[in-house]
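What follows is the residue order along each chain.
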Amino acid sequence: MPKLETRDMHPMFAMNGKDAQKIAAETVRRHARQQPAEASEKARSYALSLLASRDHGLAEKPLALALQAGSFVSARDCSQLIELLKPMPYKPRPAKQTAAPSPQVTDGFYMLDGDYVKVQEARNGSGRLYAKRWDGGSWEYEPGLVRKIAPEMALTAEQAKAWGKLYGNCIYCSLDLTDERSIDAGYGPKCAAKRGLPWG
Ligand SMILES: [Zn+2]
């Protein structure tokens with residue numbers, strides 16, 4: 001709320017200081033009554049999240065700027081903005097994902113500091129990857145582990161073979177190595193073909 005100063009007022013009100021103060025106070029109260037209801041925090045943050053996620057081209061509009069600056073926004077303006085933004089399409093994915101194609105970690109097996117690591121895709125469809133470390137008896141989920149994995153840590157044929165010799169199964173598909181050639185290779189024929197690993 002801007003404070004009304006005596007000096008800002010029309011000269012006719014500035015006749016005597018006391019009257020001027022009185023009128024100024026009244027004017028402030030009148031302004032307060034006329035001010036529309038302010039948008040709730042919930043509405044503001046919803047509008048802000050829509051501004052961030054939708055492809056709208058309204059970023060420079062006064063209302064959007066006022067919201068971002070935390071300035072006064074009326075409840076009515078805020079809800080109109082929300083209704084306007086809601087049906088708008090989502091922004092395209094951030095450019096960095098497509099602009100700089102770098103080798104990505106995908107689901108599969110890796111070797112980190114001498115430990116076997118299994119990277120898997122979350123089953124909720126988000127495409128998010130997570131990783132489990134082999135503790136010698138089972139695969140144990142480790143928060144944040146997937147971020148330590150780099151593409152060049154992908155399991156080599158030698159490392160897959162070492163697993164097979166140790167546990168008697170193919171690390172990729174968990175099937176027991178039963179025939180002589182699989183036992184010798186340390187992994188199964190299908191997984192070898194699928195991954196271009198040495199076979200026979
Ligand atoms: Zn296999």
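Calculation criteria
- Residues numbered from 1 in each chain as written.
- Predicted model: local features only at pLDDT ≥ 70, side-chain atom pairs only at ≥ 80, totals over all residues.
- Heavy atoms only, no water.
- Axes fitted to C-alpha atoms, helices over the stretch in contact; angles between N-to-C directions.
- Helix = DSSP H or I, 4+ residues; strand = E, 2+ residues; numbered from the N terminus.
- Left-handed = near helix turned anticlockwise from the far one by under 90°.
- Contact = heavy atoms within 4.5 Å.
- Nonpolar A, V, L, I, M, F, W, Y, C, P; charged D, E, K, R; others polar.
- Salt bridge = Lys/Arg side-chain N within 4 Å of Asp/Glu carboxyl O.
- Buried < 20%, exposed > 50% of the residue type's maximum accessible area, 1.4 Å probe, protein only.
- Arc of directions from axis to C-beta.
- Expected span 1.5 Å × (residues − 1).

Participant: Mind laying out the packing of helix H2 (residues 41-53) against helix H4 (residues 75-85), listing which residues take part and the relevant values?
Facilitator: The N-to-C vectors of H2 and H4 enclose an angle of 35°; their axes lie 9 Å apart at closest approach. For H2 against H4, the interelement crossing comes out left-handed. Together, Ala-43, Arg-44, Tyr-46, Ala-47, Leu-50 and Leu-51 of H2 and Cys-78, Leu-81, Ile-82 and Leu-85 of H4 make up the contact between the two elements. Residues of the contact of H2 with H4, tallied by class, amount to nine nonpolar, no polar and one charged.

Participant: Run through the pattern of salt bridges, naming residues and quoting values.
Facilitator: All told, the structure shown has four salt bridges when counted by the stated rule. Glu-83 is paired through a salt bridge with Lys-86; the nearest N and O atoms lie 3.5 Å apart. What makes Lys-86 partly exposed here is its relative accessible area of 37%. Between Glu-142 and Arg-133 there is a salt bridge whose closest N-O contact spans 2.7 Å. Here Arg-133 falls in the buried class, since its relative accessible area comes to 17%. Taken together, the shared-partner salt bridges connect Asp-115, Arg-133 and Glu-142 into one network.

Participant: Summarise H4; cite the residues concerned and give the values.
Facilitator: Restricting attention to buried positions, one finds in H4 the residues Cys-78, Leu-81, Ile-82 and Leu-85. Along H4, the residues classed as buried sweep out an arc of 100° about the axis, all on the same side. Turned more than 90 degrees away from the buried face of H4 sit Arg-76 and Glu-83, all of them exposed. In the core, the buried residues of H4 are packed alongside H2 and helix H3 (62-69).

Participant: Could you give an account of H2, naming the residues involved and the relevant values?
Facilitator: With 13 residues, H2 should cover 18 Å at 1.5 Å per step; its first-to-last C-alpha distance of 18 Å lies within 8% of that length. In this structure, the buried side of H2 is in contact with H3 and H4.

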